Amino acid sequence: MATKVRTILKWTGRLFVLGLVSFVVLVIAVGIYLIRLSADLPDLESLARYEPPVMSRVHAGDGKVVAEYARQHRVFVPIAAIPPRVINAFISAEDKTFYEHSGVDWKGVVRAGLASIRNKIQGKRLEGASTLTQQVAENFLVDTEQNFSQKFRKMIIASRIEKVFTKDEILELYLNEIYLGNRAYGAAAAALNYFGKSLNDLSLSETAFLAALPKGPANYHPIRRKERATSRRNWVLGRMAANGYITEQAATEAQKDELVSVERLTGERYVAAAYFVEAIRRQVFALYGEDQLYDGGLSIRTTLDTQMQQWARTALRQSLEEYDRRHGWRGSVQKKPPEADAATVLENTKRPAGIDESWELALVTAVTTEKAEFVLVDGNVGEILLPELEWARKQLPLAKLGAVITAANEVLVKDDIVLVEPLSDESGGYGLRQIPQVNGAIMAMDPHTGRVLAMVGGYSHQRSEFNRAMQARRQVGSAFKPFVYAAAMELDYTPVSLILDAPFIADGGAQTRFYKPQNYESGRFYGLSTLRLGIEQSRNVMTVRLAQEMGMRPVTDIGVRMGIYDELAPVLAMSLGAGETTLWRLMGAYASMVNSGKLVEPTILDRVQDRTGLTILKHDKRDCPGCMLDPDLSRTDGSLIEPELPEARPQVLDTVVAYQMVSILEGAIQRGTGVRLRSLGKTLGGKTGTTNDMKDAWFMGFSPDLVVGVYVGFDTPSTMGEGEAGSRVALPVFKRFMAKALTGVSNAPFRIPDGVSLVWVNAKTGEISRPDAPGAILEAFRPGTEPNQADRGIRLTIGGRNPGLNQLGLRGEEEDGEPDPELEDEDLLDGVY
């Protein structure tokens, strides 16, 4: 018996030692395993510093969001700003014991572990029991494959997170970090992307839907898998009721709601802003780099006026389409093979990018002399009558047109696939459409601040991202003339100084034997003309003669000083706008003129703030101590006194000269090449511009508080056709836009600065006149330079001499003077070199 006891004790001891050793080995092995698992995991310090990537948002000047840039679409919302209902919904759906555990729900782990062993044997996915903390931990792991090692790693990180963060901080991380599908990371981004709402505006059923998504966003898509999504949402509502967060009645009522999602950042407002927001993206990228733009959570406040932007896009597109129809038909989109099924071919024909929503693809089914019949993609039928096809003459090289259309079958044939648009009248008919090849740009800007309110860089950003407002360098033609005349008036010329408009010839340099500019109406000259008349009627020859008389140095100087050019060759052709620049730079120069000669630089950025709200860029850098609310700045009636800000911008053009040019350009609208704008009935000034062979057309115009510039031309320079000058191609864009932009705006006159003397003169001759005399206008002079009957300040140079009128045999203007103000346009560069 004693032997048996000793044997039992002996083996018991051995087993105990073996067990102890095994336990120690197991502990060491587990320790080593855990150390290896956690070797590359973030430490407590890095967890405390963690900030999730946040998308940058672009706001228009009126606060509307117009673009978002992100690798992960996330809007960070502090836990204090997250509605309790959102928190309760996610806790009910994902981790009802969140406030009770310390990162790991061990009961859930045991249950999921047993299920996972069974699933592993069967080759199925491991079952999870992840708490919210563990789901947050998962975001710190590069490898998210579901295996036992990863689950242990998540537990380790979760325990570390619970040591570093409070429960509310963990919730804040979770609700801003979790991926919820539809490009949305975090509950706030999901609320925007699915419903177009903030978290505070979500209904109970919408909140529950978001809480249903973490299990698998693709499985509960509100459109593709609506039934499953609704079922999962209703389950969440049930759990919220079971956990006491809502009543059973509220859950039942919310379960009846239809699940309806929306598309964000779509529609005309966002399409119209495409060129503008791309320019913003490029600028912010250049300033702060890729990581800050896409992950830094920048708040980018721009100068954009969304309404003006839509008006600008519409004005440009309508005018480009109008020009395109003047130059004929280029043919169908494609042809249907004779043996192919009509419905199949039409359905598979790709809709051209960038066309209006109202344009549709149509397959021509029959054509007679009077009409063309067609079928649309949806199976509806329609017809295009002959009058709507008369514009579609064959387009020939050099902007020429083919024969006049007398029958519908001269334009279309059966099996043509074309673009059509319902007519705006009540006829029920359709019009034939085609995408313009010509392109252009329009900008609108506040001339006092440089804030760009609208910018459209082409017919369609979808078809071409090239921004013709900022990137296209083209000759500006007569749009540069105002600066030539401004340079002259800085040299003490006046608006009534006389320059001879007569044949001119000069040395053409190495490329051209002679330089012989012509007026728009080639071969016609008008004799002695005032500087005002030279601008109003855009006289080429007298402009070149003026440039020769005063020398090209003042011309090149003002071109650089006003920011139009970096440098300008001192050759006479440059006085007619032969130098290349962009609409962006020309806008700044015209704005400076309207702004009393103070330099104005266009800007599309008002302010940039980082993710914490700190302003890191501000366009207006002036100090404003009086901008803080101060009782001492209040009037007796309680209203605030507007603080005075220092004017730090340089004076690039004499104040008096700037107003003289504004007044002269106002005359160009009243009596000159911009006379078509008179019908708007607004205070306007402006200047057309056209280059050689009608390759580029411009109109630069302004009201007292708005500058608008338009450029039109082919991307590969070629003629736009005979007569297609600035007043016919670019001016209509300006007119369409201003008709909208100035609606309801008071018709105030241009501001007259100090130091201007106004004298009544004859608009045509510049001679002193009575106020009630026909053609009398108030002309602006620098005090002491006003004309009198004895001396009108005539400046005239022929061949380097300054002869009098009798020597020239000239009295006044040839024929009877001023050209017809209804002329199509004004300017033609001839012999540019």
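In this convention, every chain numbers its residues from 1, walking through the sequence in written order. Local features are withheld for residues below a pLDDT of 70 in this predicted model, meaning they are given only at 70 or higher, and side-chain atom pairs are given and counted only at 80 or more; totals for whole chains, interfaces and linings count all residues. Heavy atoms from the whole structure form the basis of all side-chain values; hydrogens and water molecules are not counted.

Moving on, we get to the overall build of the protein. When you go through the protein residue by residue, the secondary structure sums to 24 helices and 28 strands. Each residue is placed in one exposure class: buried if its accessible area under a 1.4 Å probe, protein chains only, is under 20% of its type's maximum, exposed if it is over 50%, and partly exposed if it falls in between. Residue burial in the protein is summarised as follows: out of 833 residues, 51% are buried. Here, two residues are considered to be in contact whenever any of their heavy atoms come within 4.5 Å of each other. At a minimum sequence separation of 6, the contacts of the protein that also span at least 24 residues come to 69%. Accessible areas in this description were obtained via Shrake-Rupley with a 1.4 Å probe; residue shielding takes into account the shown protein chains only. Taken as a whole, the protein presents about 39,000 Å² of accessible surface, with 53% of it coming from carbon and sulfur. Per the convention used, a helix needs a DSSP run of H or I reaching at least four residues, while a strand needs a run of E reaching at least two, with both numbered from the N terminus.

Buried residues of nine kinds, namely Ala, Val, Leu, Ile, Met, Phe, Trp, Tyr and Cys, make up a nonpolar core once their side-chain atoms join them within 4.5 Å. Judged by nonpolar contacts, the single largest core of 91 residues is most densely connected at I300, M455, F480, F483, L586 and Y590. Tallying contributions element by element places helix α20 (residues 583-594) first for this core, with nine residues. Sequence-distant contacts of I300, that is, excluding residues within four places in its chain, are made with S56, R57, V58, H59, I280, V284, L293, L605, R607 and V608.

With that settled, the discussion passes to the packing of helix α10 (residues 226-242) against helix α11 (residues 248-255). For helices, the fitted axis covers only the stretch in contact; all axes are lines through C-alpha atoms, and the angles between them, taken along N-to-C directions, range from 0 to 180 degrees. Interhelical geometry of α10 versus α11 gives an angle of 170 degrees and a closest axis separation of 9 Å. In terms of their interaxial angle, α10 and α11 are classed as roughly antiparallel. Between α10, through R233, N234, L237, G238 and A241, and α11, the contact on the second element is made entirely by E248, A251, A254 and Q255. Each residue is assigned to one of three groups, with Ala, Val, Leu, Ile, Met, Phe, Trp, Tyr, Cys and Pro labelled nonpolar, Asp, Glu, Lys and Arg labelled charged, and all others, Gly among them, labelled polar. Split by residue class, the contact of α10 with α11 holds four nonpolar, three polar and two charged. Roughly parallel refers to an angle under 35 degrees, roughly antiparallel to one over 145, roughly perpendicular to one between 65 and 115, and oblique to any angle outside these ranges.

Attention now moves to the sheet that holds strand β5 (residues 299-302). In this scheme, strands are said to pair when DSSP sees at least two bridges between them. Across the sheet, which stays open at both edges, the five strands sit in the order β2-β1-β5-β22-β23 with mixed pairing between neighbours. One side of each edge strand has no neighbouring strand; the edge strands of this open sheet are β2 (65-69) and β23 (615-618). Going across the sheet, the axis of each strand differs from the next one's by a mean of 15 degrees, ignoring polarity. Sheet analysis places strand β22 (residues 605-609) next to β23, joined by three bridges and oriented antiparallel. Opposite R607, over in β23, you have K618 as the bridge partner.

These figures come from the coordinates and say nothing about function on their own.
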